[in-house]
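Commentary on secondary and tertiary structure
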Amino acid sequence: MRNLSNYYHDHCYMPLHIYEGLSGKLITTILKPGRRSKQSDVASILKRLILQIREQWPETRIIIRGDSHFASKDLMDWCDTSAKKVNYITGLAGNSKLKSSAQVTIESAEREFKQYGKPVKRYHSFMYKAESWASPKKVVVKVEASAQGTNIRYIVTNLTQFKAKGLYEKGYCARGAAELRIKEHKLYLKSDRASCTSFKANQFRLFLHSIAYVLMHTMQKELFKGTELVNATFKTLQNKIIKTAAWVKEMKTKIKIEFPKYCPTKELQARSFQMLGMLVT
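First things first, this report covers the structure right here in the doc. What you see is a predicted model; the values in this text were computed from it and never measured.

1. What to know about the pairing of strand β9 (residues 149-157)
Note: strand β6 (residues 87-92) against β9, 4 bridges, orientation antiparallel. The residue bridging Thr90 from the neighbouring strand is Val156, located in β9. For strand β8 (residues 137-146) and β9, the ladder comprises 9 bridges, and the chain directions are antiparallel. When the bridges of β9 are listed, Ala145 appears paired with Thr150.

Right, here's the structure in full:
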C-alpha cells in the first residue's frame, strides 16, 4: 500500500524519521505506507523503541517530541502510566472546543494588534480532555495576530510543571532542528528515492541512505569538532571535503589520478580519509 500525493499526483511511500533531539544522531528510519498511517501504528513503533532504550538507560529522562501526527491516544496513555514515566510534547489539531477554551487569549491578541498595529503573540495553557482520552491533558495554545490574520496553534504535553511559553518555544519549537536533519537525509543524501516496486526493497534502500547519514553526521560532529565545519550542512561537506578536483590520466597499463598540490581543505580531507580507513579495517 502506498500513499497518494496530491502534490505530485502519484503514489509514494512516506518514511518515519526518529532522531535523538540533542545530538542529532539518527535512531531509525522506517518506511510507512503513507503519512496518515494509523496513530496506533506509530505508537507501537515508539513504544518498542523506548523499551529498548530503557534496557540500556533505565534512569534517563525521555521526552517524545513531534507534530500532531504523534498525538496518539495509545501513546499518551502509555507514557502517563508506564513505570518509568515518559514525557511527550506534540502538536495537536485544533477543533471548536479547543478554540472555545482559547477564546479569551485569541480576542486579547486581536484587540491589541488592532489597537497598536504591531504583531502580537500570546500563550495560554489549560486542561483539556478529548472523548477518547483516559484523562485530561495540558494543552498550550499559541496565538499570533498580525496583518496576515490570526494564527492559532496547539500542543499537548504531560510536562505540567513548565510554563506555557517555555513549553512551546523551548520545548516544541526545538522540533525544527529535526526538520533540518530530515532535509539533510532526504535532500542531500537522496533518501527520497524509493522507486523500487516492492516495499521491502525500498525499506532496504532507506537503510542504506541512513548508513550514509550516520557516517556524515559522525564526520561532521566528531572529525570536525572545533572547526568551522562542525555545523556545516551535508551539502557543504560534500562539496568541500568529499568532492575534489582531480586530473585523470588514462595510460596504457593503468589510470593515474593526480590531486591538486594546493587545497584549502587538504588537512581536513586527509583526516577524513584516515577515519574512513579505520572504519573499513
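2. Focus on helix α7 (residues 199-223)
The terminal C-alpha atoms of α7, which comprises 25 residues, lie 35 Å apart, in line with the 36 Å expected from a rise of 1.5 Å per residue. Put simply, Ser198 is the residue that caps the front of α7, since its side-chain oxygen is 3.1 Å from the backbone nitrogen of Ala201.

3. Focus on unusual backbone geometry
Leaving glycine out, the prevailing phi sign among residues is negative, and the prevailing peptide bond configuration is trans. Look at Lys190: it is not a glycine, yet its phi comes out positive at around 60 degrees. When you line up the elements, Lys190 lands in the loop between α6 (176-188) and α7. Assessed through its relative accessible area of 37%, Lys190 is described here as partly exposed.

4. Notes on the nonpolar core
Residues Ile64, Leu92, Val139 and Val156 are the most contacted members of the largest nonpolar core, which totals 33 residues. Elements with a contribution of two residues or more to this core: β3 (14-19), α1 (39-56), α2 (73-81), β6, α4 (103-116), β7 (120-128), β8 and β9. With residues up to four places along the chain from it excluded, the contact list for Leu92 reads Ser68, Ala71, Leu98, Trp133, Val139, Tyr154, Ile155 and Val156. Counting residues in hydrophobic clusters, the runner-up holds 16 residues, among them Tyr188, Met216, Phe224 and Leu229.

5. Some details on the packing of aromatic side chains
The tally for this structure, following the rule as stated, stands at 5 aromatic pairs. A ring pair is formed by Tyr213 and Phe234, whose centres lie 5.3 Å apart and whose planes are at 55 degrees; its orientation type is tilted. With Tyr213 in helix α7 and Phe234 in helix α8 (residues 234-242), the pair connects residues that are 21 residues apart, well separated along the chain. Classification of Phe234 by relative accessible area gives buried; the value is 1%. An aromatic cluster of at least three residues, connected via ring pairs, comprises Tyr19, Tyr213 and Phe234. Directly above the aromatic system of Trp247 lies the positively charged group of Lys249, at a separation of 4.5 Å from the ring centroid.

6. Quick word on the side chain of Asp77
For Asp77, the position within the fold is in helix α2. Classification of Asp77 by relative accessible area gives buried; the value is 15%. Not counting the four nearest positions on each side in its chain, Asp77 is found in contact with Ala134 and Lys137.

7. Focus on the environment of Ile211
In this structure, Ile211 sits in helix α7. Looking at Ile211, the relative accessible area reads 48%, which means it is partly exposed. Taking the C-alpha atoms as reference points, Ile211 and Glu59, 152 residues apart in sequence, are found 28 Å from one another.

Rules of the game
- Residues numbered from 1 in each chain as written.
- Predicted model: local features only at pLDDT ≥ 70, side-chain atom pairs only at ≥ 80, totals over all residues.
- Heavy atoms only, no water.
- Pairing = 2+ DSSP bridges.
- Helix = DSSP H or I, 4+ residues; strand = E, 2+ residues; numbered from the N terminus.
- Expected span 1.5 Å × (residues − 1).
- Polar contact = N/O pair within 3.5 Å; in protein donor to acceptor, adjacent residues only side chain to side chain.
- Buried < 20%, exposed > 50% of the residue type's maximum accessible area, 1.4 Å probe, protein only.
- Core = buried A, V, L, I, M, F, W, Y, C linked by side-chain atoms within 4.5 Å.
- Contact = heavy atoms within 4.5 Å.
- Phe/Tyr/Trp six-rings, centres within 6.5 Å; stacked < 30°, edge-to-face > 60°.
- Lys NZ or Arg CZ within 6 Å of the ring centre and 35° of its normal.

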